[in-house]
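Notes for the structure review
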Protein chains: 2
Amino acid sequence: MAGRTLHLNVNILNAGFYSSAWRMPSSDPSAFAAVDHYVRIAQIAERGTFDAVFLSDVPAFSDRPEYRPFQALEPTIVLARVAAATDRIGLIGTASTTYNDPYNLARRFASLDIASGGRVGWNIVTTADPSASRNFGFDDVTAHATRYARAGEFAEVVKALWDSWEDDALVGDKATGRFIDTSKVHAIDHKGPFFDVKGPLNVPRSVQGRPVLVQAGGSRDGQALAARHAEAIFSVAHTLEEALAFATAIRTEARACGRSGDDIVILPGLGTIIGSTQAEARRREEELWSLMPGDYGLRRVAGLLKVDPASLDLDGPLPGTALPTDGMQTFFQALVGAAQRDGLTLRQLIRKFGGSTGHRVIVGTPEQMADDIEAWFRAGAADGFNLMPDVLPEGLEVFVDHVVPLLRRRGLFRHGYTGRTLREHFGLDRPESRYAQSRYAPASAASSRVASGA
Amino acid sequence: MAGRTLHLNVNILNAGFYSSAWRMPSSDPSAFAAVDHYVRIAQIAERGTFDAVFLSDVPAFSDRPEYRPFQALEPTIVLARVAAATDRIGLIGTASTTYNDPYNLARRFASLDIASGGRVGWNIVTTADPSASRNFGFDDVTAHATRYARAGEFAEVVKALWDSWEDDALVGDKATGRFIDTSKVHAIDHKGPFFDVKGPLNVPRSVQGRPVLVQAGGSRDGQALAARHAEAIFSVAHTLEEALAFATAIRTEARACGRSGDDIVILPGLGTIIGSTQAEARRREEELWSLMPGDYGLRRVAGLLKVDPASLDLDGPLPGTALPTDGMQTFFQALVGAAQRDGLTLRQLIRKFGGSTGHRVIVGTPEQMADDIEAWFRAGAADGFNLMPDVLPEGLEVFVDHVVPLLRRRGLFRHGYTGRTLREHFGLDRPESRYAQSRYAPASAASSRVASGA
């Protein structure tokens, strides 16, 4: 573990992770759709030498907008503006493999990677939201297994396209008039069940080679995708034991795919409600809870369980419902796990999950935050966290000013950036293009690498 | 014509419109894939109070990259970075209706429109390039008529999505906890031959209401699309008479679609090679021609004609070939038109078109440029021009410093920006959401407006 460094992202969930964040005194209700809000948060995170900002995404008008803000602006557009206003911090954007084409997505992220000097990551999701499917010509959500089969092939195509230029393909020799050495720009000739893509990409490689592949989604299929492709994982974990088991499982599975496994950066989500004393933090949580609009919490929990809100008994236990087969398995399991572990009534579960995202939340002092983060990090349960401050930017500012100094003092977190790219922040190697490698290997080995998407 | 103002865009064709621009002393061969290059050009254009920068696009590695740079970076990413570094200039990006989904495209441009304070336009193209089709699972180019049928429906869906929020849908009342008035955010419920899209969009309207719709492509189907939807047109015209006939035809056809027609901003493409004397401009053209790499010009002309380059007799007339049915009709017609009008041999045609884009080119002094622009503008043949400087940024800098002052002195061009949005620069009204209008009209009339895409 010597030399191991903690990694911190901030997940910019519009007004903050708590559903009532927008009603707090410091919040501007229109900030969710204003780029300046995201820029300001990224600048605060960069002051705190965070690894990256993270933007989630669903291509639909959903999550009960009558009650709370949502992710409105398209992530790559927001991140391009953030790139212009920052210098070092990484930029991770979510995009769906179910509702995109691999060529367009590979190109957009490659362009952003160049525009930001190699600071980009793509968070791969398959999008379980039915309102998204109806914006793309489907009556209902594509089956879970099909979504993940498509996602696996999608990621392979995108990686091949990102490799399609060798680093020295641009000649640009004014004297001879030779511009590109086209023998160093490769068609990928992909043919698969979901995609036929000839390539090559029309964008050169960036300074970090290609964007970092990030994965979120803890179902069996999601883990298999992560083990094969993910360089960083945004996971859900409510206990240290659960997180440790997940980390062990994913690294083992990655090794079975021929990867080292050790360099995968595992970042559980972590909501933060910070006070200068434990009592102050609790009062802050109480205030957020009291501001939660209408029946938002009940509807959110009922939505995760896929039951009618009217059928629920608030003072009884969680009804026995089956694991949903079409998505949102991770948060469903978190809810059921908490109900069983802590013996919570539905009302208590709503209090725990209703205002939040389904990720673990710490309510406490900066010291308590640092202790918890240190314990998980040292145990190997996490390489860091995808932080979700309760209210943005306020909650992040408090974290940067009061928790980050503690983490630095304990030797856990960087005092300044040592690298310029997201790969450097995450301690990941710069990948060589598979086609450059193939120059030194028999042609057949090279093409089998292409076919397997390695 | 009182109060009519000239409009100027700069079409940022990587190193400049001339194929050998990258070999000129002022050029950096790697600039085509560097965002800073585009930012710098936009800042020069903004100093010249241009209406907008314009980015063309093809989602493929094409146009003979062994010889010259091409459009590499995805336009909306580049424009998001340009937005951060400029304040007033409009931002027009090209995106294909054949290789995108309307929901994603509507959202990306709406996000960019918000991120730039209402300065965005979408240039609608259907993409005739076969290498693009092979990146999206097609063996060959989709038939011209099918592409345009899809484009028409695509534009209708995008406009409906951009209207789906009324301007006052955000309530954001901290006291009551009411966030969005969902009765003012409308599903579009579009069902058509190409697309089923429920909506609404998850992005509010921008300060200019919605992005400006720009159209390029002069085929019969292209003109019909423009007459129905375009608020600005990037056209091809080699003579004033041709341009005047086009403008008259398109405004007449727009009136037949129930539009006024007069407010469509028609901007022919115009290549510029400027010298302080006519002789100096000619020498500059000669230098660019002499630097044209290899057989680039021959191959480009042969590609437009869709014939084998080896079959061509350089000192004979243009071979009689049929109008291509699958695309690139506009440039084919320009080539054939020039051959007939000026009685050119193939060698002369290559000289005229081989180094350039197929658009009209003026070689001359700033005074000659201003005279030509004034003549076309006053005759009603153009509302302005989509300028293509020979070499970028150099050729634009010369235009801004030496031609723009002449245009201002003649009362043709603005001395400073009077508006903040692209609609204001172009003199276009801010469109009201169709759903807001429907509050004051019978429901049946409102829904028929939706169905017709008006």
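The model shown is predicted, which means the values in this text are computed figures rather than measured ones.

**Topic: the interface of chain B and chain A**
Counting residues at the interface gives 70 residues for chain B and 70 residues for chain A. For the chain B and chain A pair, buried surface summed over both sides reaches about 5500 Å², with 63% attributable to carbon and sulfur atoms. The interface formed by chain B and chain A contains 2 salt bridges. The tally of links from chain B across to chain A stands at 39 residue pairs in polar contact (both at pLDDT 80 or more). Among the secondary structure elements, those contributing two or more residues to the side of chain B that touches chain A are helix H2 (75–85), helix H3 (102–115), strand S5 (170–173), strand S6 (178–180) and strand S8 (196–197) of chain B. By residue class, the composition of the side of chain B that touches chain A is 40 nonpolar, 15 polar and 15 charged.

**A look at the relation of the copies chain B and chain A**
Superposing chain B onto chain A takes a rotation of 180° combined with a translation of 0.0 Å along the rotation axis, leaving an RMSD of 0.0 Å. Those values place the two copies in the arrangement expected of a two-fold rotation axis. When the interface residues of chain B are mapped onto chain A, 100% of them again lie at the interface, so the same face is used by both copies.

**A word on the packing of aromatic side chains**
For the structure shown, the criterion picks out 39 aromatic pairs over all chains. Arranged with centres 4.7 Å apart and planes meeting at 20°, the rings of Tyr99 of chain A and Phe136 of chain A form a pair that is stacked. Note that Tyr99 of chain A is positioned in the loop between strand S3 (90–96) and helix H3 (102–115) and Phe136 of chain A in the loop between helix H4 (130–133) and helix H5 (144–162), a separation of 37 residues in sequence. Its relative accessible area of 2% is what places Tyr99 of chain A among the buried residues. Taken together, the ring pairs in this structure connect Trp22, Phe32, Phe61 and Phe70 of chain A together with Trp165 and Phe179 of chain B into an aromatic cluster. In this structure, Arg4 of chain A is placed above the aromatic ring of Phe377 of chain A, and the distance from its NZ or CZ to the ring centre is 3.9 Å.

**Here's the deal with the side chain of Ser131 of chain B**
Note on placement: Ser131 of chain B falls in helix H4 (residues 130–133). In terms of polar contacts, Ser131 of chain B uses its side chain to reach the side chain of Asp129 of chain B, at 2.5 Å.

**Points about the pattern of salt bridges**
Any two side chains of opposite charge can pair, so long as their charged atoms come close to each other. All names here are of chain A. Applying the stated criterion to the full structure yields 64 salt bridges over all chains. Of the charged contacts in the structure, one is a salt bridge between Arg47 and Glu397, with a shortest N-O distance of 3.9 Å. In this pair, Arg47 sits in helix H1 (residues 35–47) while Glu397 sits in helix H13 (residues 394–409), placing the two residues 350 residues apart along the sequence. Put simply, Lys198 and Asp189 hold a salt bridge, and the shortest N to O gap is 3.2 Å. Assessed through its relative accessible area of 34%, Lys198 is described here as partly exposed. One connected set of salt bridges, linked through shared partners, spans Asp163, Asp167, Arg205, Arg210, Arg430 and Arg434.

**Quick notes on the packing of H2 of chain B against H3 of chain B**
Two quantities define a packed helix pair, namely the angle between the axes and the distance from one axis to the other. Residue and element names in this part refer to chain B. The contact between H2 and H3 brings their axes to 10 Å, and the two run at 10°. The orientation of H2 with respect to H3, classified from their angle, is roughly parallel. Packed against H2, whose contacting residues are Thr76, Leu79 and Ala80, the element H3 presents Arg108, Phe109 and Leu112 at the interface. Residue classes in the contact of H2 with H3 are distributed as 4 nonpolar, 1 polar and 1 charged.

**A few points about the domain arrangement of chain A**
All names here are of chain A. Partitioning chain A into domains gives domain 1 (7–275 + 360–452) and domain 2 (293–354). Taken residue by residue, the interface counts 20 residues in domain 1 and 19 residues in domain 2. Together, the buried faces of domain 1 and domain 2 total about 1500 Å²; carbon and sulfur atoms form 61% of this surface. Taken as a group, Arg64, Tyr67 and His238 account for 36% of the area that domain 1 buries against domain 2, more than any other trio of residues on that side. At the junction of domain 1 and domain 2, the tally comes to 1 salt bridge. Residue Glu242 pairs with Arg341 through a salt bridge whose shortest N-O separation is 3.9 Å. The interface formed by domain 1 and domain 2 contains 3 residue pairs in polar contact (both at pLDDT 80 or more). Grouping the amino acids of the side of domain 1 that touches domain 2 by side-chain chemistry returns 6 nonpolar, 8 polar and 6 charged.

**Quick notes on the pairing of strand S4 (residues 120–125) of chain A**
All names here are of chain A. Buried residues dominate S4, accounting for 6 of its 6 residues. Neither face of S4 is exposed, since Val120, Trp122 and Ile124 on one face and Gly121, Asn123 and Val125 on the opposite face are all buried. Relative to S4, S3 runs parallel, the two sharing 6 bridges. Across the sheet, residue Leu91 finds its bridge partner in S4, namely Val120. Handedness of the crossover is the feature at issue here: the chain leaves S3, passes through H3, returns alongside S4, and the resulting connection is right-handed.

**Re the pairing of strand S10 (residues 232–235) of chain A**
Consecutive side chains along a regular strand alternate between the two faces of the sheet. All names here are of chain A. Neither face of S10 is left uncovered, since the one carrying Ala232 and Phe234 and the one carrying Ile233 and Ser235 both have all their residues buried. Pairing analysis gives 3 bridges linking strand S9 (residues 212–216) to S10, with the strands arranged parallel. Directly across from Ala216, in S10, lies its bridge partner Phe234. Each parallel crossover has a hand, and the one from S9 via helix H6 (residues 220–229) to S10 is right-handed. As paired elements, S10 and strand S11 (residues 265–274) share 4 bridges and run parallel to each other. In the sheet register, Ser235 faces S11, and the bridge partner there is Pro268. Tracing the backbone out of S10, into helix H7 (residues 240–256) and back to the parallel element S11 gives a crossover that is right-handed.

**Topic: the environment of Gly90 of chain A**
Residues and elements named next belong to chain A. Within the secondary structure layout, Gly90 lies in strand S3. Between the C-alpha atoms of Gly90 and His144, which are 54 residues apart in sequence, the distance is 30 Å. The residues contacting Gly90, other than those within four sequence positions of it, are Asp51, Ala52, Val53, Arg119, Leu422 and His425.

**Examining helix H7 (residues 240–256) of chain B**
In an α-helix, one turn spans 3.6 residues; hence positions three or four apart end up facing the same way. Residues and elements named next belong to chain B. Look at H7: 24 Å from first C-alpha to last across 17 residues, which is about the 24 Å you get at 1.5 Å a residue. Taken together, the buried positions of H7 are occupied by Ala243, Phe246, Ala247, Ile250, Arg251, Glu253 and Ala254. Taken down its axis, H7 places every buried residue within 165° of arc, on the same side. Turned more than 90 degrees off the buried face of H7, the exposed positions are Glu241 and Ala256. Next to the buried residues of H7 lie helix H6 (220–229), strand S10 (232–235), strand S11 (265–274) and helix H12 (366–379). The first or second residue beyond H7 is Gly258, which carries a positive phi of 85°.

**Here's the deal with helix H8 (residues 278–290) of chain A**
Residues and elements named next belong to chain A. For H8, which comprises 13 residues, the first-to-last C-alpha distance of 18 Å matches the rise-based estimate of 18 Å (1.5 Å per residue) to within 8%. Looking at H8, one finds that the buried residues are Ala281, Arg284, Glu285 and Leu288. One side of H8 holds all its buried residues, which, seen down the axis, span an arc of 100°. The exposed set on the far side of H8, more than 90 degrees from its buried face, consists of Arg283 and Ser290.

**Considerations on the side chain of Glu166 of chain B**
Residues and elements named next belong to chain B. Structurally, Glu166 is set in the loop between helix H5 (144–162) and S5. Classification of Glu166 as buried rests on a relative accessible area of 5%. Within the local environment of Glu166, its side chain forms a polar contact with the side chain of His186, the two groups lying 2.7 Å apart.

Rules behind the numbers
Residues numbered from 1 in each chain as written. Chains lettered and ligands numbered in written order. Predicted model: local features only at pLDDT ≥ 70, side-chain atom pairs only at ≥ 80, totals over all residues. Heavy atoms only, no water. Contact = heavy atoms within 4.5 Å. Buried area = accessible area lost by both parts, 1.4 Å probe. Salt bridge = Lys/Arg side-chain N within 4 Å of Asp/Glu carboxyl O. Polar contact = N/O pair within 3.5 Å; in protein donor to acceptor, adjacent residues only side chain to side chain. Helix = DSSP H or I, 4+ residues; strand = E, 2+ residues; numbered from the N terminus. Nonpolar A, V, L, I, M, F, W, Y, C, P; charged D, E, K, R; others polar. Least-squares fit on C-alpha atoms with pLDDT ≥ 70 in both. Phe/Tyr/Trp six-rings, centres within 6.5 Å; stacked < 30°, edge-to-face > 60°. Buried < 20%, exposed > 50% of the residue type's maximum accessible area, 1.4 Å probe, protein only. Lys NZ or Arg CZ within 6 Å of the ring centre and 35° of its normal. Axes fitted to C-alpha atoms, helices over the stretch in contact; angles between N-to-C directions. Parallel < 35°, antiparallel > 145°, perpendicular 65-115°, else oblique. Domains from an automatic or database assignment. Pairing = 2+ DSSP bridges. Right-handed = clockwise from strand over helix to strand, strands pointing away. Expected span 1.5 Å × (residues − 1). Arc of directions from axis to C-beta.

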